[in-house]
Amino acid sequence: MSKEIIEQQVYEPKIEDKKSVSFIWILPLIILAILGWIAYESYMKKGTNISVIFKSAEGLKENVTPLEYKGLQLGKVTKISMHEDLKSVRVNILVDNEVAKYVAGDGSSFWIKKPTISLTKISGLNTLISGYKIELSPTFKTQEEYDKANAKYFFNGLDTQPNDEFDDEGYYISLIANDKDNVEVGTPIFYNKFQIGEIIAKEFIFEKVYFTAYIYDKFNYLVNKSSKFVINEALKVSYGASGLNIEVGSLYSALVGGVTVVTPNKEEQKISKDEAYLLYGKKDDLKSKEFFNINFIDMHGIEENTPIIFKGIEIGKITEIKLNKDILNAKAFIYQEYKYLLTDKTKFFVEEPTISLDGVKNLGNIIKGNFVSLEYKKGNFKDNFTAINKKDINNSNNNIKVELLNENLNSITNKSKVYYKNIEIGKVENYVLTPDLKNVKISISIDEKYKDLVTDNTLFYDMSSKLVEMKSLNLNINYSGIEPLLNGAIGLVSEKIDNNKLTKKEFKLYNSFKDVEKLNRFSNSGIVISADFYNDFEIKQDMAIMYKNQEIGFVKDIKFDDKKSKVSLFIYSPFKKYITDKSRFYKKSVVSLNASLSGVLFEVDNFSSLLEGSIHLDNESTIAFDKTQIFGSEDQMKNSTNSITIVFADVEGLQVNFSQLTYKGVNVGKVTNVRLNENQQVEVKALIYNDFASFAKAGTVYYLKKPRISLQEVANAGSSIMAVNIGVIKSDNQIIQTKFEGLEGQPSVEKSHFGTVFKVDDITASSVNLDAPVYYKNVQIGKVSKIDLSEDGSKVVVDCLIYDKYTKFIRKNSQFYDISGFEMKFSIFSGSKIESNTFTSLLKGGLVVVTPYEYSELANPNDRFNLVKQLREDWKSISPSIK
């Protein structure tokens, strides 16, 4: 091992130049700069604080509710506190610095934006979720105004959106409201029931309500200085002579209301912003009025707004009432168009409701109240009136005053009226006892226009006393209506006699019309005719003789005989011209009653002959009579000349007096008797009402119209539970015949008012049934009326009744096809096919008529047609024009 040599080494340090600033100090500087920037930004974004005083902080929240202007957020509510006055709240708002100069100035206003939900408008719905907002409303419009503005940090908030929020170019109109309070913001404005604008603002200024109306741009031309504004009435109550009238507008108007614009002149200038127009409560306020005064003495039911009605039209109204001692002083108006009614001869009176068994007058007064009416006469203008009682309205100095004497007052009262032929001609004024206390003196007044009715020969009778009077088993009815029965009445009987004047002042008042009637009968001139009657009915002396509801005489005398009695008929002179050799008489019973399942026939004679009946004159006969006869009834009389006999095998369902003879749906007669003859057939006696000769001709057909119910039709269904009628088919034969053979059903007649019958031969067994339809181009033009065998039995003859309006389609070369049932075709390759014309023809059968393009002349009932079983395939396309 070699010896290690250790050498000592010395290391010298390496010296390098270093920078004077270390990198480690840069990081704190950066952090410091960032913190400075954050501090600056925080200071710059802190904003400007302003305070706004509101009446309520409802819907506002700290650090949530924003300050906005047209949707742009300008700040936020930072604090809400009580104001010093303890009546309002103070809201602190932090406004962004960048907009502070536009907000915190003396040109700013603030209001709370809330959601609006109504029937006409929905707005601000986003505030339902985010809450209410505070809106800025600046008054300055230019940058120059803002530069000159003074800073302001304390404001009083507005209750509603200010007017300066409205568009400068918009058409805004100021309206002053009357006492109506049903107009709110959002109320629509209509023109001819079409919305043209809306109410956008409502303010209370100097004890008046002001509205701002906005008219949509495209409708500006509809509103100008001639326009009138009226509040719509959802419920309009008017009043007329007929009573209360209630008109309800549309549901929309009822719920929303609205304002209607009336513009008479489209050429006028537009309304300026500084003009204010009156908002009328109703359309009547637009009319010109003439005011006048009415005094009411001892009258009730008059108050403010009582209408004035003339001939059912409301022409004015009472506007003001003042009590001056016992007199009501009323101020009233009528519309200018009726000013002519205010004359010195016009009389005003109060209409009151009248309720009685005879009727109800002015029923609406019970609900609405009385109304004022008037009687107009031409004269000079007058504006001060005194109303009078209605009962005095017709009083005249020229009325006739007479006095009536009777042993008793009976039912006469101060409300009683005087009648002539049931027409009111006067009234009772008063009544007193005569000085000797034996009679009652009744004073009556007859209207001037009826004064000629009262002469020395005039008779007066009590219309109301002794409603029913029984003497010697004779029942006397003295009834002339409900009004005379309730209030009493006096009747007058007058006849014009030459040179007959009124010189008397007192007349006797008879107890009933019957007493007056007897006096009149014996004072009349006339003729006496003799007539016979059988004793199976009763005729009484003094029984009235009537002709066309006019009394022309009476039964003067009766000579009784064992079988046939004679009677003397007295005919008044003016009516003797109606008595001829063709005259005949019949007794009309007081009450005629016939009842059956068909109904009830109830007839009452005219009132003048009630309970006794009357004798009626008939001059309709064309036959002269040797002797004058009185029949027991009208039917008995007509049966003597206007009756026919119809013989049937069976008349089940036929009922006397209820079964009718019908021709073309019109009743031309009725069944009066049914009996069996010696051959055990049923003979029906029938009365022909009019035109006897046309129904009593040889060849006329009478048949029973029994009910027919089938798939095709339901005919005479009423006969199934009520009387069966007899149908008539007239004949052109001129030979008179009064006895006929009746048929069980409607026959198949070649030519009748039903149509024309064409005969179709079917050589095989027919599948067509009775009443089966006959079609032409799928329109029913008739039906099968009869199916029978031919005389030799070789074929079936089908009678086809074609209605008159369709007979022109039946030509000599027309073809009848059977479409009964259905047709089925089956093929392995083409499938199956089933065809049927109609459901009725499927079950009941039917025929189709096809007329070719080259049609020949019209067919007649003597032509015969063959029924074709296979319907040609092109029948639907065959459509000739037949005229």
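Residues numbered from 1 in each chain as written. Predicted model: local features only at pLDDT ≥ 70, side-chain atom pairs only at ≥ 80, totals over all residues. Heavy atoms only, no water.

Novice: In this structure, what is going on with the overall build of the protein chain? I would like to understand it.
Specialist: Counting its secondary structure elements, the protein chain contains 11 helices and 64 strands. Burial status across the protein chain gives 40% buried among its 883 residues. Within the protein chain, counting contacts between residues at least 6 apart in sequence, those at least 24 apart form 69% of the total. Accessible surface, the protein chain as shown: approximately 52600 Å² in total, 52% of it carbon and sulfur. (Helix = DSSP H or I, 4+ residues; strand = E, 2+ residues; numbered from the N terminus. Buried < 20%, exposed > 50% of the residue type's maximum accessible area, 1.4 Å probe, protein only. Contact = heavy atoms within 4.5 Å. Areas by Shrake-Rupley, 256 points an atom, 1.4 Å probe, with all protein chains shown as cover.)

Novice: What is the right way to look at the packing of aromatic side chains in this model?
Specialist: The description of an aromatic ring pair uses the distance of the two centres, along with the angle that the planes make with each other. Evaluated as defined, the whole model comprises 25 aromatic pairs. Taking the centre distance of 5.1 Å and the plane angle of 35° together, the rings of Y172 and Y214 count as tilted. Separated by 42 residues along the polypeptide, Y172 in strand β10 (residues 171–177) and Y214 in strand β13 (residues 208–215) bring together distant segments of the chain. Between F460 and F507, the ring centres sit 5.3 Å apart and the planes meet at 65°, which makes this aromatic pair edge-to-face. With F460 in strand β32 (residues 459–462) and F507 in strand β36 (residues 506–510), the pair connects residues that are 47 residues apart, well separated along the chain. By way of ring pairs, the aromatic residues Y172, Y214 and Y216 are connected into one cluster. Geometry around Y335 places K287 over its ring, the cationic atom sitting 4.6 Å from the centre. (Phe/Tyr/Trp six-rings, centres within 6.5 Å; stacked < 30°, edge-to-face > 60°. Lys NZ or Arg CZ within 6 Å of the ring centre and 35° of its normal.)

Novice: How do you make sense of the sheet that holds strand β48 (residues 666–676) when you look at a structure like this?
Specialist: Backbone hydrogen bonds are what pair the strands of a sheet, in a parallel or an antiparallel way. A sheet is described by the order of its strands in space; here seven strands give the open sequence β50-β53-β47-β48-β49-β46-β54, paired in mixed fashion. Edge positions in the sheet fall to β50 (701–705) and β54 (739–741), since each has one partner strand and no second. Adjacent strand axes in the sheet meet at a mean angle of 30° when their direction is disregarded. Where strand β47 (residues 660–663) meets β48, four bridges bridge the pair, whose relative direction is antiparallel. Bridge pairing links Q660 to K670 in β48. (Pairing = 2+ DSSP bridges. Axes fitted to C-alpha atoms, helices over the stretch in contact; angles between N-to-C directions.)

Novice: For this particular structure, what's the right way to read the pattern of salt bridges?
Specialist: Going through the model one piece at a time under the given rule, you end up with 23 salt bridges. Across the pair E429 and K401 runs a salt bridge, and its minimum N-O distance is 2.7 Å. With E429 in strand β30 (residues 423–433) and K401 in strand β28 (residues 400–406), this pair connects stretches of sequence that are 28 residues apart. Between E506 and K441 there is a salt bridge whose closest N-O contact spans 3.8 Å. Here K441 lies in strand β31 (residues 440–446) and E506 lies in strand β36, a separation of 65 residues in the sequence. (Salt bridge = Lys/Arg side-chain N within 4 Å of Asp/Glu carboxyl O.)

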